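Survey of secondary and tertiary structure
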Amino acid sequence: MSNNILSINGITKKYGNITAVNNLSFNVPQGSIFGILGPNGSGKTTTLGIILDVLKANSGSFSWFDAPSNTNNRNRIGSLLETPNFYHYLSAFDNLKITQEINKRGNEYSIEEALHIVRLTERKNYKFKTYSLGMKQRLAIAAALLGNPDVLVFDEPTNGLDPVGIVEIRELIKQLAQQGKTIIMASHLLDEVEKVCTHVAIMKRGNLVACGDVNEIIANEEIVELNAVNNEQLYGILSNYNLVKKITQEKNYVELAFTQGDSKLDDINKYCFEKGIVLNHLTYKRKSLEVKFFELTNN
């Protein structure tokens, strides 16, 4: 038995002449926070709809828990594809009670426990219409938690929230992962994915362009940042430096890109000194997911 919660194998979904998802394959490791990242129209929501049996793929297959999708394993998955249609005039508790009755889930994981996890216990008897956007989203996550699922699937869980709401949802997702749940979330918010997710699949126009551990995807290049009194002179002497893949000159520094393992700060410093340049600054710069994302999706 593998350690993958979800395996997607060659899924394709077309809408007429438009291919929304093209031969998509990847695995979601157990216990991960797995981000499906891409610009609008990349196929993120379509992918979630397929793995949740809301949409049917034209070809390909997927399996949950090393088994074909069925009612038994579907009950182990909680989802939030869009904000549920809660009744504005009912309390949070009563709304979750209705959700529980409709979905026939929640015997093991009570409404009270779900409200406690999303920190709405003190407001459980308040009407839904009095909730802030962040509270409404936390209530939606509570609805996904009914039945104590092993996996949670969220589509843009922080969409439309203010900075405080975004932080609340981010911390809640981390907390749920610490409790052993596997979380799959689609998002276009690069900073959030980098702060929350352990793994990521990056999509562009229905195609998978990168997939794996977030740190490994970011770290497949080493970026060295350096400056001197005369950065133009520095740029000139480093343009032909051994093994440099790319060199760029910013306002206050020069940036060198190397394949992972090819850069040596001592060698760069020595090279510059021998060319008559004393460096004021020399350090590794961690590449952000945002930079990597734009490299992969803007070509």
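Residues numbered from 1 in each chain as written. Predicted model: local features only at pLDDT ≥ 70, side-chain atom pairs only at ≥ 80, totals over all residues. Heavy atoms only, no water.

1. Describing the sheet that holds strand E9 (residues 199–204)
To be explicit about the condition: Any two strands are treated as partners once DSSP identifies two or more bridges connecting them. Numbering of helices and strands runs from the N terminus, with a helix taken as a DSSP run of H or I at least four residues long and a strand as a DSSP run of E at least two residues long. Note on definitions: angles span 0 to 180 degrees between N-to-C directions of axes, and those axes are lines fitted to C-alpha atoms, for helices only across the stretch in contact. By definition, residues are in contact when any of their heavy atoms lie within 4.5 Å.
In spatial order, the strands read E6-E7-E8-E3-E9-E10; together these six strands make up an open sheet with mixed pairing. Among the strands making up the open sheet, the edge pair consists of strand E6 (77–80) and strand E10 (207–213). Between one strand axis and the next, the sheet turns through 15° on average, direction left out of account. Pairing between strand E3 (residues 33–37) and strand E8 (residues 182–187): five bridges, direction parallel. Of the residues in E8, the one forming a bridge with Ile36 is Ala186. Its contacts with the sheet place helix H5 (residues 133–145) against E6 and strand E7 (151–155), and it is angled at close to 155° to E6.

2. Things to note about the nonpolar core
Stated precisely, the cut-off is as follows: To form a nonpolar core, buried Ala, Val, Leu, Ile, Met, Phe, Trp, Tyr and Cys residues must be joined to one another through side-chain atoms within 4.5 Å. Only protein chains enter the accessibility calculation, which uses a 1.4 Å probe. A residue is then buried if its area is under 20% of the maximum for its type, exposed if over 50%, and partly exposed in between.
Residues Leu139, Ile141 and Phe154 are the most contacted members of the largest nonpolar core, which totals 47 residues. No other element matches the eight residues that H5 contributes to this core. When residues no more than four places from it in sequence are discounted, the contact partners of Phe154 are Leu48, Leu80, Ile141, Ala144, Ile173, Ile183, Ile184, Met185 and Ala186. Among the nonpolar cores identified, the runner-up in size contains 24 residues, and Ile5, Ile8, Leu48 and Leu52 belong to it.

3. Some points on the side chain of Ser91
Definition in use: Any pair of N or O atoms that falls within 3.5 Å is considered a polar contact. Within protein, one atom must be able to donate a hydrogen and the other to accept it, and sequence-neighbouring residues count only if both atoms are side-chain atoms.
Residue position: Ser91 is located in the loop between E6 and helix H3 (92–103). At a separation of 3.1 Å, a polar atom in the side chain of Ser91 contacts the main-chain amide nitrogen of Asp94. Setting aside anything within four residues of it in sequence, one finds Ser91 in contact with Lys124, Asn125, Tyr126, Lys127 and Phe128.

4. Quick look at the sheet that holds strand E2 (residues 18–29)
On the basis of which strands lie adjacent, the open sheet formed by four strands has the order E2-E1-E4-E5 and antiparallel pairing. Since the sheet does not close on itself, it has two edges, and those belong to E2 and strand E5 (67–68), each with one partner. One ladder, built from eight bridges, connects strand E1 (residues 4–15) with E2; its direction is antiparallel. Following the sheet pairing, Lys14 is matched in E2 by Thr19. Each of E1, E2 and strand E4 (59–64) touches helix H1 (residues 44–51); the most contacted strand, E1, lies at about 115° to it.

5. What to know about the packing of H5 against helix H6 (residues 163–178)
Two measures define how a pair of helices packs: the angle their axes make with one another and the distance between the axes. The cut-off we apply is this: The scheme is simple: roughly parallel for angles under 35 degrees, roughly antiparallel for over 145, roughly perpendicular for 65 to 115, oblique for anything else. By the definition used in this description, the sense in which the near helix is turned from the far one sets the handedness, with an anticlockwise turn below a right angle giving left-handed and a clockwise turn giving right-handed. Classification used: nonpolar for Ala, Val, Leu, Ile, Met, Phe, Trp, Tyr, Cys and Pro, charged for Asp, Glu, Lys and Arg, polar for all others including Gly.
At their nearest, the axes of H5 and H6 sit 10 Å apart, and the two run at 20° to each other. The orientation of H5 relative to H6 falls into the category roughly parallel. Handedness of the crossing formed by H5 with H6: right-handed. Residues Gly134, Gln137, Arg138, Ile141 and Leu145 of H5 lie in contact with H6, whose contacting residues are Glu168, Ile169, Leu172 and Leu176. In terms of residue class, the contact of H5 with H6 is built from five nonpolar, two polar and two charged.

6. Here we look at the confidence of the model for the chain
As a reminder, the rule being used: Per residue, pLDDT measures the predictor's confidence, with a range of 0 to 100.
Mean pLDDT over the chain stands at 87; residues scoring 70 or higher make up 93%. When pLDDT is averaged over each helix and strand of the chain, the minimum, 69, is found for helix H2 (residues 71–74) and the maximum, 95, for E2.

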